[in-house]
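Examining the three-dimensional arrangement
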Amino acid sequence: MKTAVLTDSTAYIPKKVRQSNRIHMVPLNVIFGQESYQEEVDITADDFYDMVKEHEELPKTSQPATGLMAERLEELARDFDAVVAIHLSSGISGTYQGMVAASEMVDDLDVHVFDSEISCLMQGFYAIEAAELANNGGTPQQIIARLEEMKLSMQAYFMADDLSHLHRGGRLNGAQAFVGSLLQVKPVLHFVDTKIVPFEKIRTRKKALKRILTLFEEDITEEGTFQASVIHANQPQEAEQIKTAIEEQFENVEVTVSYFGPVIGSHLGEGAMGIGWYKKS
C-alpha cells in the first residue's frame with residue numbers, strides 16, 4: 001500500500017523539507033480587504049508582516065474550501081492507495097472537519113484524518129515523522145499509532161506581545177485587552193483540549209520568555225532525545241539567541257527555528273514567541 005502524507009500550510013514546513021520528504025500541502029487563506037492570498041503559496045511570512053504595517057484593518061483568515069481539499073485528494077488517489085492528513089487543531093479552525101468531509105467525497109482512497117490539536121511546526125513535526133514512516137513503507141495504521149504516541153509528549157507554550165490582535169480577532173474581550181496593555185501583561189498561552197487558553201499572565205516580555213524557557217527545561221529529561229522548535233513572529237534574531245541557549249544547555253535536544261506564518265500571525269500579532277517540543281526517542 002502506497003501512503004501519502006498531507007498537511008496544511010499552518011504546519012509551516014519549509015518548501016525544501018516538504019519536497020524532500022514528499023509531504024503534500026493544502027493552503028489556508030489570509031485576506032487583506034478584498035484580496036485573498038494562499039499562505040505559503042501567494043504570500044510569505046515576511047510579506048505578511050510588511051503588509052500588516054501597511055493596512056489599518058487586521059487581516060482575516062479562512063480555511064481551505066472543502067471542494068479544494070477533495071480535488072487534492074482526487075489528485076493523490078491517482079498515485080496512492082491511502083492518505084494520512086494532518087491538520088491544525090480542530091478547536092481553532094474548521095480545516096480538520098473540512099478534510100473529514102472532503103474524504104467522504106472521494107472514492108478508492110483510504111483517508112485517515114489526524115487532529116494535531118496544535119499548530120505551526122509542532123504540527124509540522126507530526127507530518128515529517130509521518131512522511132518518514134510512509135516513505136519507508138509504513139501503513140496508515142502504523143503512522144497514526146506513532147502520531148498518537150508523539151501526542152503524549154507534545155508541548156508548546158507561546159506568548160502574545162500585542163494583545164490588540166487577540167482582542168480584534170475575537171480571542172480576547174475589550175476589558176482584558178485594555179487592562180493587559182495598561183499593565184504590560186504578556187499572556188503565556190498553550191493548547192488544552194484543542195483550544196488556545198491562557199496558562200499564566202506575566203507582566204513583561206522578558207519574564208514571559210523566561211517562564212516559557214523554564215517550562216521547557218523542567219520537561220526535558222536526561223534520558224532519550226527531544227525535538228524542539230523556537231517559533232517567532234518576525235523576531236528571527238531573538239529566536240536564534242534562544243535556540244543557541246537551548247543547544248548550549250541540552251545535548252539531547254535538536255532545535256530548529258520556525259515562524260508564526262500569516263494565518264496564525266493574524267491572531268497572535270508581530271512579536272509573538274514560543275517554544276514547542278516532543279520526545280523523539
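A few points on the structure.

The rules behind the values
- Residues numbered from 1 in each chain as written.
- Predicted model: local features only at pLDDT ≥ 70, side-chain atom pairs only at ≥ 80, totals over all residues.
- Heavy atoms only, no water.
- 1 Å grid on protein atoms, 1.4 Å probe; cavity = no way out; pocket = protein on both sides within 12 Å on 5 of 7 lines; lining within 4 Å.
- Points joined across faces, edges and corners; volume = space filled by probe spheres on them.
- Nonpolar A, V, L, I, M, F, W, Y, C, P; charged D, E, K, R; others polar.
- Phe/Tyr/Trp six-rings, centres within 6.5 Å; stacked < 30°, edge-to-face > 60°.
- Lys NZ or Arg CZ within 6 Å of the ring centre and 35° of its normal.
- Salt bridge = Lys/Arg side-chain N within 4 Å of Asp/Glu carboxyl O.
- Helix = DSSP H or I, 4+ residues; strand = E, 2+ residues; numbered from the N terminus.
- Buried < 20%, exposed > 50% of the residue type's maximum accessible area, 1.4 Å probe, protein only.
- Axes fitted to C-alpha atoms, helices over the stretch in contact; angles between N-to-C directions.
- Left-handed = near helix turned anticlockwise from the far one by under 90°.
- Contact = heavy atoms within 4.5 Å.
- Patch = residues over 30% accessible without salt bridge, like charges linked within 9 Å, V, L, I, M, F, W, Y side chains within 5 Å.
- Areas by Shrake-Rupley, 256 points an atom, 1.4 Å probe, with all protein chains shown as cover.
- Lys, Arg positive; Asp, Glu negative; His and termini not counted.
- Charge placed at Lys NZ, Arg CZ, Asp CG, Glu CD.
- Pairing = 2+ DSSP bridges.

**Concerning empty space enclosed by the protein**
Over the atoms rolls a probe the size of a water molecule, and in doing so it shows where empty space is left. On inspection of all chains with the given rule, the structure shows 1 cavity of 30 Å³ or more. Estimated volume of the largest cavity: approximately 30 Å³. Residue lining of the largest cavity: Thr7, Asp8, Ser9, Tyr12, Ile13, Arg18, Met25 and Glu40, and that is the complete set. Taken together, the residues of the lining of the largest cavity sort by class into 3 nonpolar, 2 polar and 3 charged.

**Remarks on the packing of aromatic side chains**
Counted under the stated rule, the structure contains 12 aromatic pairs. Here the aromatic cluster, defined as three or more aromatic residues joined through ring pairs, consists of Tyr157, Phe199, Phe216, Phe250 and Trp277. The ring of Phe80 carries the charged tip of Lys2 above its face, separated from the ring centre by 5.3 Å.

**Structural notes on the pattern of salt bridges**
Considering all chains together, one arrives at 9 salt bridges under this definition. One salt bridge connects Arg146 with Glu149, and the closest N-O pair in it is separated by 3.1 Å. Taken together, the residues Arg146 and Glu149, both in helix α6 (residues 140-151) and 3 residues apart, mark about one turn of the helix. A salt bridge links Glu200 to Arg211; the shortest N-O distance between them is 2.9 Å. In this pair, Glu200 sits in strand β10 (residues 195-202) while Arg211 sits in helix α9 (residues 205-219), placing the two residues 11 residues apart along the sequence. A relative accessible area of 27% places Glu200 in the partly exposed class.

**Quick word on the packing of α9 against helix α10 (residues 236-249)**
With their axes 12 Å apart at the nearest point, α9 and α10 run at an angle of 35° to one another. When you trace α9 past α10, the crossing you get is right-handed. Note on element contacts: α10 touches α9 through Glu238, Ile242, Ile246 and Gln249, opposite Arg205, Leu209, Leu213, Phe216 and Glu217. Grouping the amino acids of the contact of α9 with α10 by side-chain chemistry returns 5 nonpolar, 1 polar and 3 charged.

**Some remarks on unusual backbone geometry**
One non-glycine residue, Arg22, lies in positive phi territory at about 55°. Within the secondary structure, Arg22 sits in the loop between α1 (15-21) and β2 (23-26). Given a relative accessible area of 54%, Arg22 falls into the exposed group. The phi dihedral of Glu40 is positive, around 70°, even though this residue is not glycine. Among the structural elements, Glu40 can be located in the loop between β4 (35-38) and α2 (45-54).

**Brief notes about a negative patch on the surface**
Together, Asp46, Asp47, Asp50 and Glu54 line one region of the surface with negative charge. Tracing the sequence through the fold places Glu54 in helix α2. Given a relative accessible area of 62%, Glu54 falls into the exposed group.

**Description of the sheet that holds β4**
Spatial strand order, β4-β3-β5: 3 strands in an open sheet with antiparallel pairing. At either margin of the open sheet sits one strand with a lone partner, and together these are β4 and β5 (60-62). When the angles between neighbouring strand axes are averaged without regard to direction, this sheet yields 30°. Bridging between strand β3 (residues 29-32) and β4 involves 4 bridges; their strand directions are antiparallel.

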